[in-house]
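So you can see what is in the structure, the chains are spelled out below.
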Amino acid sequence: MKAVLTDKEIWERFKEIVSEKEILTERIYQIRLTDLGRLIFENADENDLKGLNQRLACVLRRHQIRVIMRGGRRYVLIPERLLRELEAPKKRKTELLP
């Protein structure tokens, strides 16, 4: 079964997983790309996962998230600024009346 998600849907799913702390139990800033791909593309077939992970890596790079190769495996390095943005509630800007 092939997962059909747009780049925007992939990015939103990534933010949802990071904010729910499914992968970040002790403030870990790196995760294997294949593990992250399995979380994002839950119903994807193992044969399709390689291509989907390449697309995931492209989406992450567009959002300034580094994907590095270490020991023959690809790892996603999640910056701390992104974690803070996802964890912190959005503050509304209020204007002061004269």
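One structure accompanies this document, and this report is about it. (Residues numbered from 1 in each chain as written. Predicted model: local features only at pLDDT ≥ 70, side-chain atom pairs only at ≥ 80, totals over all residues. Heavy atoms only, no water.)

**Considerations on the overall build of the chain**
Link 1 in the chain: Counting its regular elements, the chain contains four helices and three strands.
Link 2 in the chain: Traced from its N-terminal end to its C-terminal end, the chain shows the element sequence α-β-α-α-β-β-α.
Link 3 in the chain: Every one of the 98 residues in the chain was classed for burial, and the buried ones make up 31%.
Link 4 in the chain: Sequence-distant contacts in the chain: of pairs separated by 6 or more residues, those separated by 24 or more amount to 58%.
Link 5 in the chain: Surface exposure of the chain reaches about 7,300 Å², of which carbon and sulfur atoms provide 50%. (Helix = DSSP H or I, 4+ residues; strand = E, 2+ residues; numbered from the N terminus. Buried < 20%, exposed > 50% of the residue type's maximum accessible area, 1.4 Å probe, protein only. Contact = heavy atoms within 4.5 Å. Areas by Shrake-Rupley, 256 points an atom, 1.4 Å probe, with all protein chains shown as cover.)

**What about helix α3 (residues 46-62)?**
Link 1 in the chain: An ideal rise of 1.5 Å per residue puts 24 Å on 17 residues; α3 measures up with 25 Å between its terminal C-alpha atoms.
Link 2 in the chain: Taken residue by residue, α3 has Leu49, Leu52, Asn53, Leu56, Ala57, Val59 and Leu60 as its buried positions.
Link 3 in the chain: Immediately beyond the C-terminal end of α3, within one or two residues, lies Gln64, with a positive phi of roughly 60°. (Expected span 1.5 Å × (residues − 1).)

**Points about the side chain of Arg13**
Link 1 in the chain: Relative to the assigned elements, Arg13 resides in helix α1 (residues 7-19).
Link 2 in the chain: Here the side chain of Arg13 touches Glu42 through a polar contact of 2.5 Å, side chain to side chain. (Polar contact = N/O pair within 3.5 Å; in protein donor to acceptor, adjacent residues only side chain to side chain.)

**Description of the nonpolar core**
Link 1 in the chain: In this structure, Phe14, Leu36, Phe41, Leu56, Leu60 and Val76 are the most contacted members of the largest nonpolar core, which totals 22 residues.
Link 2 in the chain: Of all the secondary-structure elements, those providing two or more residues to this core are α1, α2 (33-40) and α3.
Link 3 in the chain: Residue contributions to this core peak at six residues, all from α3. (Core = buried A, V, L, I, M, F, W, Y, C linked by side-chain atoms within 4.5 Å.)

**Remarks on the pairing of strand β2 (residues 66-70)**
Link 1 in the chain: Both β2 and strand β3 (residues 73-77) contribute to a ladder of five bridges, which runs antiparallel. Residue Val67 lies in a different strand from β3, and its bridge partner there is Val76.
Link 2 in the chain: Two successive antiparallel strands, β2 and β3, enclose a turn made up of two residues, where Gly71 displays a positive phi of approximately 65°. (Pairing = 2+ DSSP bridges.)

**Things to note about the pattern of salt bridges**
Link 1 in the chain: All chains considered together, the criterion is met by seven salt bridges.
Link 2 in the chain: A salt bridge links Glu42 to Arg13; its shortest N-O distance comes to 2.5 Å. You can see Glu42 sitting in the loop between α2 and α3 and its partner Arg13 sitting in helix α1, a full 29 residues away along the chain.
Link 3 in the chain: The exposed category is assigned to Glu42, whose relative accessible area is 55%. (Salt bridge = Lys/Arg side-chain N within 4 Å of Asp/Glu carboxyl O.)

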